[in-house]
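Summary of structural features
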Amino acid sequence: MNGVINKYKFGSRLLLFLFFAGMILTEIFAGYAPRAEAHAAAERFVPQPGERMDTAPEKAEITFNEAIETGIGGLQVLDSQSKSVTDAAYVISQNRRTITLPLPRLAEGVYTVAYRIISEDGHPVSGSYTFIVGDPPEAKDASTFDLHKQLGHTGHGAATELTTGEFVLYVTRVLYYASLLFAAGLMLWFAMLRDKSEVQLAMFRKWGLWAVRALLISVLLYVFVHARAMMEGYPAAEWAKLFTSTQIGITWLLMVVMSLSGFIIIGGNRALRAVWAVLLLGLESYSGHAAAYDPKWYAILLDLIHLAGSAIWAGGLAFLVILWFEERKDAGRFASQFSNAAWLSIAVLTVTGLLTTYLFLPGYDYLFYTSWGTLLIVKTVLVLLVIIVGALLRIGVRRGNLPANWLLRMDVSLMALIIVVVGIFTYISPLPANEPVSAHQMGDKLHVTLRISPNVPGDNKFTVKVWLPEETGKPKSVRLLLRSEDRSDLGPIEVPIKAYEDPELDAFDGFVKAAYEAEGAYIPFPGQWTAEIRIMDPSDNEMVHREPFRNY
């Protein structure tokens, strides 16, 4: 019996010895054994990250170092507004290592390739990178509407907010728009009405002359005030350059010429008056915000149609009020004609207003970023009130009644308020201003500086500076990743920063500095972003600094 027990104890001790010996040998030889990758990693890209291409690629393709799952994940290519460029399905190769997405013909621009796959061992892998096709246009922000750029002047920002110091300028703009719509509107009505009574003809001639006079005075005042504001601080010789070498200056001169020609046109035939009114409104469209957008012809045509609708409504309403005080019967006859045209004008204004806003703004959320958007919302509310008042006026006219006095007063008041709003918001930028990122954070064990300039969608310069304690030494590696907060489904975009010799004197006692920089289109679309700076010290300890920023 004792022998059996001793044999059992010996066997147990032998098994325990072999178990621990195996564990020790595994640890010893594990460092020498080849290690398999924990999950799939991308090893080949088409197009390459950061690649600038003269012609658009026919496909986006990523090859991984091992097989990936076929039923989960995907590959997409986004445009400069973070919208997918195709609805086509991606294809995975037979060996399950390559994922391919066929692409339509891409226009010039900055594009993002975003992938999210599952490796064969079940590990999720995601990432994003950018490539550029052709020579993309510069991103639009408030600086797009800075008229000083035409003169080669710098240091002047485009107006994005209302200030009391611009009161005189805004008053002149309101007077200018009121006289522009009144003069053009009367000329258009003079051309549209075929059977005019003697009273209507007399009033057209009388008030048409006053409208042209008011237009000339307001245009001269408008040009003087705006030119003086633009040329403040510059020598008199620059004034000649303004009116001979810039689009806006030449347009202003043509506006003066058109205003003077109105005294002749008012005695011409219907077609001549209509052409004069359209050309007048066309000059305003050509010098406004629409001229900054592509396709330019479409933006200007849209604005011209919008202005023509405004002129027909404003000019017709003003003439109805004139007839109301001159001869009520003629006012009643004109009211039925004006009612039909007013409803058509409001419909045109609504459609063109929506299309213009869609053209000007990357998204309707931009309405809440600037005073331009706030004023547009105010204008929309006023137009809705105009529709209600117009409906009440139309009901009365269709019953054969004269327009109610209080409704006319309300309609005129709303028109005046809309013109005031238009005079202001056509001057300020519809887009917010982008500001360069310049952030610095100090700490006991780490100082970090991040600069992104000019901080726009597209090409930027990135600068990262890191200070570590002297006893720690310079970082082993520094990475800069950009994460889109608006598209959390996308993997981070890595900016390939490289070390450089920084000439700036920004040393800190007890710390050593390392500086890195990169240039390129690594911010592919506007929105909320987080810059993630990952610092690895010589002892392989990682520190992460995150800096939120946004651009438009």
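Above this text is the structure in question.
Position numbers for residues start from 1 in each chain and track the written sequence from start to end. Confidence filtering applies because this is a predicted model: local features only for residues at pLDDT of at least 70, side-chain atom pairs given and counted only at 80 or more, and all residues used for totals across whole chains, interfaces and linings. Only hydrogens and water are removed before side-chain values are computed, so all heavy atoms of the structure are retained for them.

Let's talk about the packing of aromatic side chains
How two aromatic rings sit relative to each other is given by the distance of their centres and the angle of their planes. Stated formally: We call Phe, Tyr and Trp rings a pair once their centres come within 6.5 Å, taking the six-membered ring for Trp, and we label the pair stacked below 30 degrees between planes, edge-to-face above 60, and tilted otherwise. Secondary structure elements are defined from DSSP: runs of H or I of at least 4 residues count as helices, runs of E of at least 2 residues count as strands, and each element is numbered from the N terminus. Each residue is assigned to one of three classes by its accessible area relative to the maximum for its type, calculated with a 1.4 Å probe on protein chains only: buried under 20%, partly exposed between the two thresholds, exposed over 50%. Think of it as a cone above the ring: NZ of Lys or CZ of Arg counts as a charge over the ring if it is within 6 Å of the ring centre and within 35 degrees of the ring normal.
According to the stated counting rule, one finds 25 aromatic pairs in the structure shown. Look at Tyr222 and Trp252: their rings are 6.4 Å apart centre to centre, the planes differ by 85°, and that puts the pair in the edge-to-face class. Residue Tyr222 is found in helix 3 (residues 198-231), and its partner Trp252 is found in helix 5 (residues 247-265); the two are separated by 30 residues along the sequence. Judged by relative accessible area, which is 7%, Tyr222 ranks as buried. Here Trp252 falls in the buried class, since its relative accessible area comes to 3%. A ring pair is formed by Phe525 and Trp529, whose centres lie 5.1 Å apart and whose planes are at 35°; its orientation type is tilted. Summarising the burial analysis for this pair, Phe525 and Trp529 share the class buried. Over the ring of Phe190 we find Arg273, and its NZ or CZ is 3.9 Å from the ring centre.

A closer look at the pairing of strand 3 (residues 59-64)
In plain terms, the rule: A pair of strands is labelled paired if DSSP reports no fewer than 2 bridges between them.
Burial analysis of strand 3 places five of its six residues in the buried class, the great majority of the element. Bridge analysis of strand 3 against strand 6 (residues 98-102) gives five bridges, and the strand direction is antiparallel. Paired with Glu61 across the two strands is Thr100, which belongs to strand 6.

A short note on the pattern of salt bridges
Put simply, the rule is: Whenever a carboxyl oxygen of Asp or Glu lies within 4 Å of a side-chain nitrogen of Lys or Arg, that contact is scored as a salt bridge.
Per the stated rule, a full pass over the model turns up 19 salt bridges. Of the charged contacts, one joins Arg97 and Glu43 as a salt bridge, the two residues approaching to 2.8 Å between their closest N and O atoms. Pair noted here: Arg97 is in the loop between strand 5 (91-92) and strand 6 and Glu43 is in strand 1 (residues 42-46), with a separation of 54 residues, a long-range link. Residue class for Arg97 comes out partly exposed when judged on its relative accessible area of 28%. Owing to a relative accessible area of 48%, Glu43 belongs among the partly exposed residues under this scheme. The salt bridge involving Glu494 is made with Arg479; its shortest N-O contact spans 3.0 Å. You can see Glu494 sitting in strand 13 (residues 493-495) and its partner Arg479 sitting in strand 12 (residues 477-484), a full 15 residues away along the chain.

A short note on the pairing of strand 15 (residues 511-523)
Both strand 11 (residues 458-469) and strand 15 contribute to a ladder of 11 bridges, which runs antiparallel. Residue pairing for strand 15: Gly458 is matched across the bridge by Ile523.

A few points about the side chain of Asn460
Where we set the bar: Here a polar contact is taken to be a pair of N or O atoms separated by no more than 3.5 Å, where protein atoms must pair a possible hydrogen donor with a possible acceptor and residues adjacent in sequence count only if both atoms sit in side chains. We call two residues in contact whenever any of their non-hydrogen atoms come within 4.5 Å of each other.
Here Asn460 is to be found in strand 11. Classification of Asn460 by relative accessible area gives buried; the value is 3%. Among the polar contacts listed, one links the side chain of Asn460 to the backbone nitrogen of Asn455, at a separation of 2.7 Å. Contact partners of Asn460, with chain neighbours within four places excluded, come to Ile452, Ser453, Pro454, Asn455, Ala518, Glu519, Gly520 and Ile523.

Some points on empty space enclosed by the protein
Keep this limit in mind: Both site types are read off a 1 Å grid over the protein atoms alone. A 1.4 Å probe that fits but cannot get out defines a cavity, while an open set with protein on both sides within 12 Å along at least five of seven lines defines a pocket; lining residues have an atom within 4 Å of a point. Grid points are joined across faces, edges and corners, and a volume is the space filled by probe spheres set on the points.
This structure, assessed with the given rule, holds four cavities of 30 Å³ or more. Within this model, the largest cavity holds a volume of roughly 180 Å³. Lining the largest cavity are 17 residues, with Phe338, Ser339, Ala342, Gly390 and Leu393 sitting closest to its centre. When contributions to the lining of the largest cavity are tallied by element, the ones reaching two or more residues are helix 7 (296-326), helix 8 (328-360), helix 9 (371-398) and helix 10 (405-425).

Details of the sheet that holds strand 9 (residues 437-441)
The sheet built from five strands is open, its strands ordered 9-10-11-15-14 with antiparallel pairing. At either margin of the open sheet sits one strand with a lone partner, and together these are strand 9 and strand 14 (498-499). Bridge count for strand 10 (residues 447-453) against strand 11 is seven bridges, and the pairing is antiparallel. Opposite Thr449, over in strand 11, you have Lys465 as the bridge partner.

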